[in-house]
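For reference, the chains in residue letters:
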Amino acid sequence: MKRRLVVIGAGLGGLSLALRASSQGWNVTVVERHHSPGGKMNRYCDSGFVFDTGPSLITLPQIFFELFDSCQVKRDHLHFRRLQPLTLYVYPDGTRIPYPGTLPDVATVLERFEPDGGRGFWHLMSTGARLFELSWRTFFRTVPTELPSRTELRDLLGSLRWFPFRNAWGNYARTVERYVHSEYLRRIFLRYPTYVGSSPYRSPATLLVIPYLEFAHGGWYPDGGLYRIVETIVAALRERNVSLLTGVSVEQILHHNGQVTGVRLANGEMIPADVVAYNGDASTADALLGRPLRWRRLPERSMSGVVFLVGLKRRLPEDIHHHTIVFSSDYQREFRELVEDAVFPTEPTVYLNVTSKTDTTVAPPGGETLFIMANAPARTDIPWAEMTQQLWERVAGVLRRAGVELDERDIATLSAWTPQRFEQEYGMPGGSIYGFASHSYRTTFLRPAMRDRFVKGVYYVGGSTHPGGGTPMVILSSKLAFNLIQRYEMAS
Ligand SMILES: Cc1cc2nc3c(=O)[nH]c(=O)nc-3n(C[C@H](O)[C@H](O)[C@H](O)COP(=O)(O)OP(=O)(O)OC[C@H]3O[C@@H](n4cnc5c(N)ncnc54)[C@H](O)[C@@H]3O)c2cc1C
């Protein structure tokens, strides 16, 4: 008889786990409380504008391809476009740096801004490269909370020669400031820990892996929008007869004598299972399992965000890129407000993503599709809804500096997202986007375990667990989870 897997949540992690398992002959059911699958990687359409509501930048597309190829899913229709230069950085004094582009372009930027021609820059990049090699061989392949298998142990020991002894173990911001002299380039480096919802001033230097992987492997956009990836997985699941139930939540994970037996839905229906994988925030699973919270003290959550999806009836200036960042005038103050004071910054750094700059299918003719985001603290005890106008004014004020005027008369559609809405929509405490913050080695490397210690047959998948948040990591998480399921469940 086929083994039965129930996946709770149709986020990217849940969907890709369902794809891996169904491709190996498992009988799979996915239950999603929303009406559309995708979780944070979702889509919103209005008045001819098509928005990706969550991720906008794909790094490491090879991880997506590995998922599709290993499950024999056709992907010819998915056209990933490498954006070059990837991001336009706009500074408070009006300086503009398009980065990173080709190697000669980067060399020109370094000559212009770094007195030593960029020796420190290359030093940090090579540290990032060694960290990436090390992670690729270890952290991205094995789960640190599990005993390694014999092959994994061999690989781990073999990888020690990649161990980057120097520079990788200090504080992220201090390491950057030691090696990079120009304030302009420092800003670019300091931005990367925010890719995992963390502060550069509190993160470990191991996050240097992020600027390296973006520099070396590029930033990508799939034509038609990122939701095309979700659609491709969902179509493949249907071909494999996976039952995808949407608009209904799982209320309880059922277990008996320490063994999982299935799930109970909000409508009372029971679905029996040999294995259950939870794709929601792993730290919230105790309630579903009907037991007291196991965390004595929860680590700090990663940041949330304030997002405005704007359909504009006119085009933006030519020099605004697909990805544009407009920096605040005081980055340290911004992160002090975000992390220490846990408030929305007085003057936020604003990320502007204009997909219609590269993809004409996502906006009506003459229009522009804008995803505008600023970091926000992960807390819901602030009256976010009442503050929306104030948040808009702060964000629009910063964008004005880059020549982006957002006049109400030009706006065809606007949808505002605050941490409150992120929490409601995705069930992430405080609206936190990436699980626990990477503010220590422990929360960076020892995230919530992927296999439940007390109930056999319960697993965790997605950005709150290993190896971490962000779309490529979440797909790797489904690979790690499925490896564990095969290791522990096929033997029994
Ligand atoms: C605004 C924003 C910008 C981002 N930008 C980027 C980016 O540029 N690049 C990048 O790589 N990543 C980015 N990310 C992060 C990326 O989207 C996430 O890391 C990834 O999509 C998370 O996938 P997941 O599998 O962890 O599940 P999630 O997307 O968190 O989905 C979990 C699903 O489980 C469902 N669920 C939970 N509990 C239950 C229950 N009891 N019953 C039924 N269903 C349940 C939820 O409804 C949800 O749909 C961004 C995220 C956001 C929100």
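Residues numbered from 1 in each chain as written. Predicted model: local features only at pLDDT ≥ 70, side-chain atom pairs only at ≥ 80, totals over all residues. Heavy atoms only, no water.

Caption draft 1: Representation of the overall build of the chain. Counting secondary structure elements, the chain contains 15 helices and 19 strands. For 492 residues, the compact-globule formula gives about 23 Å, and the C-alpha radius of gyration of the chain, at 22 Å, lands near that figure. Going through the 492 residues of the chain one by one, you find that 57% of them count as buried. Pairs at least 24 apart in sequence give 72% of the contacts found in the chain among residues at least 6 apart. Accessible surface, the chain: about 20,100 Å² in total, of which carbon and sulfur atoms supply 51%. Each charge class in the chain was averaged separately, 55 positive and 48 negative side chains, and the resulting centres sit 7 Å apart. (Helix = DSSP H or I, 4+ residues; strand = E, 2+ residues; numbered from the N terminus. Rg over C-alpha atoms; globule rule 2.2 N^0.38 Å. Buried < 20%, exposed > 50% of the residue type's maximum accessible area, 1.4 Å probe, protein only. Contact = heavy atoms within 4.5 Å. Areas by Shrake-Rupley, 256 points an atom, 1.4 Å probe, with all protein chains shown as cover. Lys, Arg positive; Asp, Glu negative; His and termini not counted. Charge placed at Lys NZ, Arg CZ, Asp CG, Glu CD.)

Caption draft 2: Looking closely at the environment of histidine 439. Secondary-structure assignment places histidine 439 in the loop between helix H13 (419-426) and helix H14 (441-445). The exposure class assigned to histidine 439 is buried, which follows from its relative accessible area of 14%. Expressed as a C-alpha distance, the spacing of histidine 439 and proline 299, which sit 140 residues apart in the sequence, is 9.2 Å. Not counting residues within four places of it along the chain, the set of residues in contact with histidine 439 comprises Ser198, Ser199, Arg202, Ser203, Pro204, Glu300 and Val339.

Caption draft 3: Quick look at the pairing of strand S17 (residues 368-376). With respect to burial, S17 is a largely interior element, nine of its nine residues being buried. On S17, burial covers both faces: Glu368, Leu370, Ile372, Ala374 and Ala376 on one face and Thr369, Phe371, Met373 and Asn375 on the other are all buried. Relative to S17, strand S16 (residues 350-354) runs antiparallel, the two being bridged by four bridges. Paired with asparagine 353 across the bridge in S17 is phenylalanine 371. (Pairing = 2+ DSSP bridges.)

Caption draft 4: How the structure looks around the sheet that holds strand S10 (residues 250-256). The three strands are arranged S10-S11-S12 in an open sheet whose pairing can be described as antiparallel. Strands with a single pairing partner mark the edges of an open sheet, and in this sheet they are S10 and strand S12 (270-272). Sheet twist, expressed as the mean angle between neighbouring strand axes with direction ignored, is 25 degrees. Of the pairings in the sheet, the one linking S10 to strand S11 (residues 259-265) comprises six bridges and is antiparallel in character. Bridge pairing in S11 places histidine 255 opposite valine 260. (Axes fitted to C-alpha atoms, helices over the stretch in contact; angles between N-to-C directions.)

Caption draft 5: Here's a closer look at the domain arrangement of the chain. According to the domain assignment, the chain consists of domain 1 (4-40 + 61-80 + 225-295 + 440-489), domain 2 (106-216) and domain 3 (303-426). Relative to domain 3, the C-alpha centre of domain 1 lies at a distance of 30 Å. If you look at the interface, domain 1 gives five residues, while domain 3 gives five residues. When the buried area of domain 1 at its contact with domain 3 is split by residue, Arg33, His34 and Lys40 rank highest and sum to 72% of it. Summed over the shared surface of domain 1 and domain 3, the result is zero salt bridges. Put simply, domain 1 and domain 3 have three residue pairs in polar contact (both at pLDDT 80 or more) between them. Within the side of domain 1 that touches domain 3, the residues separate by chemical class into no nonpolar, three polar and two charged. (Domains from an automatic or database assignment. Buried area = accessible area lost by both parts, 1.4 Å probe. Salt bridge = Lys/Arg side-chain N within 4 Å of Asp/Glu carboxyl O. Polar contact = N/O pair within 3.5 Å; in protein donor to acceptor, adjacent residues only side chain to side chain. Nonpolar A, V, L, I, M, F, W, Y, C, P; charged D, E, K, R; others polar.)

Caption draft 6: Just helix H12 (residues 384-400), in detail. Between its first and last C-alpha, H12 extends 23 Å over 17 residues, near the 24 Å set by a 1.5 Å rise per residue. The largest bend along H12 reaches roughly 35 degrees and is located at glutamine 390. Residues of H12 that are buried: Trp384, Met387, Leu391, Trp392, Val395, Ala396, Val398 and Leu399. Packing partners of the buried residues in H12 comprise strand S14 (304-312), strand S15 (323-326), S16, S17, strand S18 (411-417) and H13. (Expected span 1.5 Å × (residues − 1). Bend = angle between axes of the 7 residues up to and from the residue.)

Caption draft 7: The sheet that holds strand S9 (residues 243-246), seen in detail. The five strands are arranged S9-S2-S1-S13-S19 in an open sheet whose pairing can be described as parallel. Each end of this open sheet is capped by a strand with a single partner; those strands are S9 and strand S19 (458-460). This sheet shows a mean twist of 20 degrees between the axes of neighbouring strands, independent of strand direction. Inspection of the sheet shows strand S1 (residues 4-8) paired to strand S13 (residues 275-278) by four bridges, in the parallel sense.

Caption draft 8: Local environment of the site of the ligand. As a structural note, the neighbourhood of the ligand is formed by 33 residues, with Gly13, Glu32, Lys40, Gly463 and Thr471 the closest of them. A distance of 3.1 Å is found between an oxygen atom of the ligand and a backbone nitrogen or oxygen belonging to serine 56. Between the ligand and leucine 57 there is a distance of 2.9 Å, counted from a nitrogen atom to a backbone nitrogen or oxygen. Burial of the ligand by the surrounding chains reaches 94%, relative to a free accessible area of 1,000 Å². Elements represented by at least two residues in the shell around the ligand include exactly helix H1 (12-23), strand S2 (27-32), S17, H13 and helix H15 (471-489). Sort the elements by how many residues they give to the shell around the ligand and H15 lands first, with three residues. Lining the shell around the ligand are residues from two domains, each supplying at least three of them: domain 1 (4-40 + 61-80 + 225-295 + 440-489) and domain 3 (303-426). (Near = heavy atom within 4 Å.)

Caption draft 9: Just unusual backbone geometry, in detail. Note the cis peptide between glutamine 84 and proline 85, where omega equals -10 degrees. Its identity as a non-glycine residue notwithstanding, leucine 60 has a phi of 50 degrees, on the positive side. Its place among the elements puts leucine 60 in the loop between strand S4 (49-52) and helix H2 (61-70). For leucine 60, a relative accessible area of 0% puts it in the buried group. Look at asparagine 257: it is not a glycine, yet its phi comes out positive at around 50 degrees. Tracing the chain through its elements places asparagine 257 in the loop between S10 and S11.

Caption draft 10: Main features of the pattern of salt bridges. Evaluation of the coordinates by the stated rule reveals 24 salt bridges. Across the pair aspartate 407 and arginine 409 runs a salt bridge, and its minimum N-O distance is 2.5 Å. Overall, the relative accessible area of 66% leaves arginine 409 in the exposed class. Residues participating in the shared-partner salt-bridge network are Arg20, Glu66 and Lys479.

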